[in-house]
Amino acid sequence: MVKKVFIDYPYSGLDATVSWFIRDRLKKLATKMFGTIGVAIIFSDDCDGTFDLDGGLQRLGEVIKLMGEADVVLFSSDWYKDKDCKIRMNICQRYGKLFVVEGVNHGDD
């Protein structure tokens, strides 16, 4: 069965090359874990850090919608270092969304 995977990692402050490397690594992990993935949903914030509260809340709503459309959420191993990743992890835990953390109990180390 083809899976739709939402890939999440702390992207704030990363340059494009590092961000691409992390996304590629997580896509490969998703393929290894789930076989064929139909869509890898990666929400990237291109904001310069000067957004207002309403814009941030609107963006969070968009992310929650995308997470809801995915079969599984894949978090990078350093998800806990970013407040936005923590919010998304909390949403998964509170609402029973299937999630996997890179490097935890599935032999991808």
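Residues numbered from 1 in each chain as written. Predicted model: local features only at pLDDT ≥ 70, side-chain atom pairs only at ≥ 80, totals over all residues. Heavy atoms only, no water.

## With respect to the environment of E69
Within the secondary structure layout, E69 lies in helix α2 (residues 53-69). Residue classification places E69 among the partly exposed positions, given a relative accessible area of 36%. C-alpha separation for the pair E69 and V5, spaced 64 residues apart in sequence, amounts to 8.9 Å. (Helix = DSSP H or I, 4+ residues; strand = E, 2+ residues; numbered from the N terminus. Buried < 20%, exposed > 50% of the residue type's maximum accessible area, 1.4 Å probe, protein only.)

## What about the side chain of E102?
With respect to the helices and strands, the residue E102 is situated in the segment after β4 (99-101). Among the polar contacts made by the side chain of E102, one reaches the main-chain amide nitrogen of S77 at a distance of 2.9 Å. (Polar contact = N/O pair within 3.5 Å; in protein donor to acceptor, adjacent residues only side chain to side chain.)

## Comments concerning helix α3 (residues 83-95)
Between its terminal C-alpha atoms α3 stretches 18 Å, which fits the 18 Å expected from 13 residues at 1.5 Å a residue. Among the residues of α3, those classed as buried are C85, R88, M89, I91 and C92. Take α3 and look down its axis: the buried residues cluster within an arc of 155°, on one side only. Exposed residues pointing more than 90 degrees away from the buried face of α3 are listed as K83 and R94. Capping the start of α3, D82 holds a side-chain oxygen 3.1 Å from the backbone nitrogen of D84, two or three residues further along. Phi turns positive one or two residues past the end of α3, at G96, with a value near 70°. (Expected span 1.5 Å × (residues − 1). Arc of directions from axis to C-beta.)

## Some details on the packing of aromatic side chains
By the definition in use, this model includes four aromatic pairs. When the ring of Y9 is compared with that of Y11, the centres are 5.8 Å apart and the planes differ by 80°; the resulting orientation is edge-to-face. Side by side, Y9 and Y11 carry an identical accessibility label, which is buried. A centroid spacing of 6.1 Å and a plane angle of 85° characterise the contact between F75 and F99, whose relative ring orientation is edge-to-face. Residue F75 is located in strand β3 (residues 72-75), and its partner F99 is located in strand β4; the two are separated by 24 residues in the primary sequence. On the basis of relative accessible area, F99 is assigned to the partly exposed category, the value being 29%. Put simply, the rings of F75, W79, Y80 and F99 touch in pairs and so form one group of aromatic residues. (Phe/Tyr/Trp six-rings, centres within 6.5 Å; stacked < 30°, edge-to-face > 60°.)

## Re the pairing of β3
Residue alternation in β3 divides its side chains into two sets, V72 and L74 and V73 and F75, and both sets are buried. Pairing of strand β1 (residues 3-8) with β3 involves four bridges; the strand directions are parallel. Each residue of the ladder has a partner; that of I7, found in β3, is L74. Of the strand pairs in this sheet, β3 and β4 are connected by three bridges, and their pairing is parallel. Opposite L74, over in β4, you have V100 as the bridge partner. Handedness of the β3-α3-β4 crossover: right-handed. (Pairing = 2+ DSSP bridges. Right-handed = clockwise from strand over helix to strand, strands pointing away.)

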